[in-house]
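Each chain, written out:
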Amino acid sequence: MRIEELLNHTGEWLRGTGPSAHIVMSSRVRLARNLADWTFPGKSVKKDLEAVLKVFSEAVGRIEALKGSTLFGMTELDQVDRQMLVERHLMSHEHASNPEGKGLLVTAEEVVSVMINEEDHLRIQVMRSGLNLSEAWDIINAIDDALARELSFAFLPSWGFLTACPTNTGTAMRGSVMMHLPALVMTKQINKVLAAISKLSFASRGFYGEGTQASGNFYQISNQVSLGHSETDIIQNINGLIRQVIEQEEQARQALLLQNKPMLEDKVCRSWGLLKTARIISSQEAIELFSMVRLGLDMGILKHVDHKALNELFIMIQPAHLQKIEAKKLNAFERDTKRAAVIRQKLGGKDV
Amino acid sequence: MTCDICGKKKATVHLTEIVDEQMSEMHLCEECARQKSAQMEQQFGLADLLAGLSDTVKPASSKENEKNPLQCSRCALPYEDFRKFGRLGCSECYTSFKEHLSGLLRKIHGSNKYLGKTPSSFQKENLAASSKEERPLLVVTETLEGLKEQLQSAIAAEDFERAAEIRDKIRNLEQKD
């Protein structure tokens, strides 16, 4: 697969269906693994990083579940290409900014990806649409088993999988769920909910991952601990927490309808109108409007909007994607106009 | 608004610092903010921030530290570097820094007992060897009754950190039964 081919579609996890898809956009499980025979990437020289890449790519060739996947060497890609992979949630900013000795494995539908030589030798992730952590775990567990038959992982029976950062030691698993919580934001309950989440040792972040601010009412919630619980226990705990947040959001949505239905409808429909007609739009504004349209769709205020198209726009409107679509460098202003055009086209806005 | 440090670039990062109950605000450009945060990491040590490590590790006398600093037997990462940056160098660091890490892992995760999956290569032949090696960690020296009494007295004394430790021990014992 050439990197340009990624532009023809978006990840399977953006299809907008699955359990609780009206509030949960996607679920992700990731595992960190290190190879016992090499020092961790942060303490390795280029030669060692390249050896790890080679050993991994040979192992992948022998694993049935990873047939048809593509391994990108980070140094073979330019900065925009790498940024595009970050925007698709396939890898971290850190992985893009320091490409030497690093790689990324992606399966055809973008369900599975593996960062090689990020903070740990392997960071395996599986993405699913809706609230579907258990399915994501089943997939990643099978891939991990297959990799463990080929590679010797750093592991101690007493402490589990050994990682560069002790916050990951143990299961080295993080389950996270992307939630859309506009009604909790509008009814000013979100801070209370986030505070409760952090008290329970879960973390919340923005749409674009670690270190990002929440935007457009999207929050990513994930577990923090990786010792003292089994993987399936951790997933059950996250599911339990997420179900409570879903319930809170549903109640807040009903409260909004009861209190001021015309106001809510006005907000949703104006957002829809703006997206279909705007000529210049920043990504921040676009994401805020997407949030309102999505809410309108999930509450039955808007009909005939394609959930999948809306989800795909989150990825397409980001800077590297716009530049790949246009096949040239764009400055900030050019991006804002291109973004508006991409949105109008995707949402079927007539060029009035 | 221009940056408070360099006075040239536009301030985009706004920092509130509280020192000795005095609150001060700083407005910084991205570059100066990055430098400032690097300085702060140096001051506190990332691992300290992670888990309040400093109060669990009793440093040996400083003289002894200078002569024979603790480091990993395989990758030679000094323990001091781990304390500063919060990243280990290789799997052997876990053995070299075992005593320090045991407390740290408990602080981070609320437990230092692994209950997750075991890779197939560790399930058969390796298990016999490793369980022998690991045994000292798992020796049962305390009875359930004894622990429950200790838990009551720790709660009565409002020593909740100790109470949590004892609670974990009780859970571990009960799980074994």
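Residues numbered from 1 in each chain as written. Chains lettered and ligands numbered in written order. Predicted model: local features only at pLDDT ≥ 70, side-chain atom pairs only at ≥ 80, totals over all residues. Heavy atoms only, no water.

**Q** Tell me about the pattern of salt bridges, and name the residues and values.
**A** Evaluated as defined, the whole model comprises 28 salt bridges over all chains. A salt bridge links Arg88 of chain A to Glu110 of chain A; its shortest N-O distance comes to 2.9 Å. Pair noted here: Arg88 of chain A is in the loop between helix 2 (79-87) and helix 3 (93-97) and Glu110 of chain A is in the loop between strand 3 (103-106) and strand 4 (112-116), with a separation of 22 residues, a long-range link. Comparing Arg88 of chain A with Glu110 of chain A shows no difference in burial state: the two are buried. Connected through salt bridges with shared partners, the residues Glu118, Glu119, Asp120 and Arg123 of chain A together with Arg87 of chain B form a single ionic network. (Salt bridge = Lys/Arg side-chain N within 4 Å of Asp/Glu carboxyl O. Helix = DSSP H or I, 4+ residues; strand = E, 2+ residues; numbered from the N terminus. Buried < 20%, exposed > 50% of the residue type's maximum accessible area, 1.4 Å probe, protein only.)

**Q** An account of the sheet that holds strand 10 (residues 218-223) of chain A is requested, with residue identities and associated values reported.
**A** Adjacent strands of a sheet pair through backbone hydrogen bonds, lying either parallel or antiparallel. All names here are of chain A. Within the open sheet, the eight strands sit side by side as 2-3-4-5-1-8-10-9. Their pairing is antiparallel. Two strands close off the open sheet at either side, each with one partner strand: strand 2 (70-73) and strand 9 (202-205). The sheet shows a mean angle of 20 degrees between the axes of neighbouring strands, taken without regard to direction. Looking at chain direction, strand 8 (residues 173-180) and strand 10 are connected through five bridges and run antiparallel. Across the sheet, residue Met178 finds its bridge partner in strand 10, namely Gln220. (Pairing = 2+ DSSP bridges. Axes fitted to C-alpha atoms, helices over the stretch in contact; angles between N-to-C directions.)

**Q** Which residues make up the confidence of the model for chain A, and what are the values?
**A** Confidence in the prediction of chain A, expressed as mean pLDDT, is 93, and 96% of residues score 70 or more. By mean pLDDT, strand 9 of chain A is the weakest element of chain A at 80, and strand 7 (residues 160-161) of chain A is the strongest at 98. (pLDDT = per-residue confidence, 0-100.)

**Q** Please set out the packing of helix 2 of chain A against helix 10 (residues 319-326) of chain A residue by residue, giving values where relevant.
**A** All names here are of chain A. In the contact formed by helix 2 and helix 10, the axes pass within 8 Å of each other and the chain directions differ by 125 degrees. As judged from the angle between their axes, helix 2 and helix 10 are oblique. As for how helix 2 packs across helix 10, the hand of that crossing is left-handed. Judged by residue contacts, Val80, Asp81, Gln83, Met84 and Glu87 of helix 2 engage Pro319, Ala320, His321, Gln323 and Lys324 from helix 10. Partitioned by chemical class, the residues of the contact of helix 2 with helix 10 number four nonpolar, three polar and three charged. (Parallel < 35°, antiparallel > 145°, perpendicular 65-115°, else oblique. Left-handed = near helix turned anticlockwise from the far one by under 90°. Contact = heavy atoms within 4.5 Å. Nonpolar A, V, L, I, M, F, W, Y, C, P; charged D, E, K, R; others polar.)

**Q** How would you explain the side chain of Thr163 of chain A if you had to name every residue and give the values?
**A** In this fold, Thr163 of chain A is placed in the loop between strand 7 and strand 8. Residue Thr163 of chain A is classed as buried on the basis of its relative accessible area, which comes to 0%. From its side chain, Thr163 of chain A meets the backbone oxygen of Cys165 of chain A in a polar contact 2.8 Å long. Once you skip the residues sitting within four places of it in the chain, Thr163 of chain A turns out to touch Ala32, Asn34, Phe40, Asp120, Asn168, Thr169 and Ala172 of chain A together with Leu88 and Tyr94 of chain B. (Polar contact = N/O pair within 3.5 Å; in protein donor to acceptor, adjacent residues only side chain to side chain.)

**Q** So, the interface of chain B and chain A: which residues are in play, and what are the values?
**A** Taken together, the contact pairs 33 residues of chain B with 40 residues of chain A. Across the contact surface, chain B and chain A share three salt bridges. With a shortest N-O distance of 3.1 Å, Arg87 of chain B and Glu119 of chain A are connected by a salt bridge. Counting across the chain B and chain A interface gives 16 residue pairs in polar contact (both at pLDDT 80 or more). Counting only elements with at least two residues in the side of chain B that touches chain A, the list comes to helix 6 (98-109), helix 7 (120-123) and helix 8 (125-138) of chain B. Counting residues per element, the side of chain B that touches chain A draws most heavily on helix 6 of chain B, at seven residues. Taken together, the residues that form the side of chain B that touches chain A break down as 16 nonpolar, 11 polar and six charged.

**Q** If you had to explain helix 10 of chain A to someone new, which residues and values would you point to?
**A** Residue and element names in this part refer to chain A. Among the residues of helix 10, those classed as buried are Ala320, His321, Leu322, Gln323 and Lys324. In the core, the buried residues of helix 10 are packed alongside helix 2, helix 9 (307-316) and helix 11 (332-346). Directly after helix 10, the chain includes Ala327, whose backbone phi takes a positive value near 55 degrees.

**Q** Account for the confidence of the model for chain B, with residues named and values stated.
**A** Residues and elements named next belong to chain B. Confidence in the prediction for chain B averages 74 pLDDT; 65% of positions are at 70 or higher. Mean pLDDT values over the elements of chain B span from 47, in helix 8, up to 96, in helix 5 (residues 93-96). Considering only residues more than four positions removed or in separate chains, one finds that residues 60-64, a stretch of pLDDT under 50, has one contact. The low-confidence segment residues 130-140 (pLDDT under 50) makes eight contacts with residues lying over four places distant or belonging to another chain.

**Q** Account for helix 9 of chain A, naming residues and giving values.
**A** Residue and element names in this part refer to chain A. Extensive coverage of helix 9 is indicated by the burial of nine of its 10 residues. In this structure, the buried side of helix 9 is in contact with strand 1 (24-33), helix 2, strand 10, helix 8 (283-298), helix 10 and helix 11. The N-cap of helix 9, judged by a side-chain oxygen 3.0 Å from the amide nitrogen of Lys308 a few residues on, is Asp306.

**Q** I'd like a rundown of the environment of His89 of chain A, residues and numbers included.
**A** Tracing the backbone through its elements, the reader meets His89 of chain A in the loop between helix 2 and helix 3. Along the primary structure His89 of chain A and Ser113 of chain A are separated by 24 residues, whereas in three dimensions their C-alpha atoms are 9.4 Å apart.

**Q** How would you explain unusual backbone geometry if you had to name every residue and give the values?
**A** All names here are of chain A. A positive phi angle is found at Ser20, which is not glycine, with a value near 55 degrees. Along the chain, Ser20 falls in the segment before strand 1. For Ser20, a relative accessible area of 25% gives the class partly exposed.

**Q** Explain the packing of aromatic side chains to me, using residue names and the numbers behind them.
**A** All told, the structure shown has 10 aromatic pairs over all chains when counted by the stated rule. Relative to Phe161 of chain A, the ring of Phe155 of chain A lies with its centre 4.9 Å away and its plane at 65 degrees, an arrangement referred to as edge-to-face. Neither residue differs from the other here; Phe155 of chain A and Phe161 of chain A are each classed as buried. With 6.2 Å between their ring centres and 65 degrees between their planes, Trp159 of chain A and Tyr94 of chain B make a pair best called edge-to-face. Taken together, the residues span two chains, with Trp159 of chain A in the loop between strand 6 (155-156) and strand 7 and Tyr94 of chain B in helix 5. Taken as a pair, Trp159 of chain A and Tyr94 of chain B share a single burial class, namely buried. Through successive ring pairs, a cluster of aromatic residues spans Phe153, Phe155 and Phe161 of chain A together with Tyr114 and Phe122 of chain B. (Phe/Tyr/Trp six-rings, centres within 6.5 Å; stacked < 30°, edge-to-face > 60°.)

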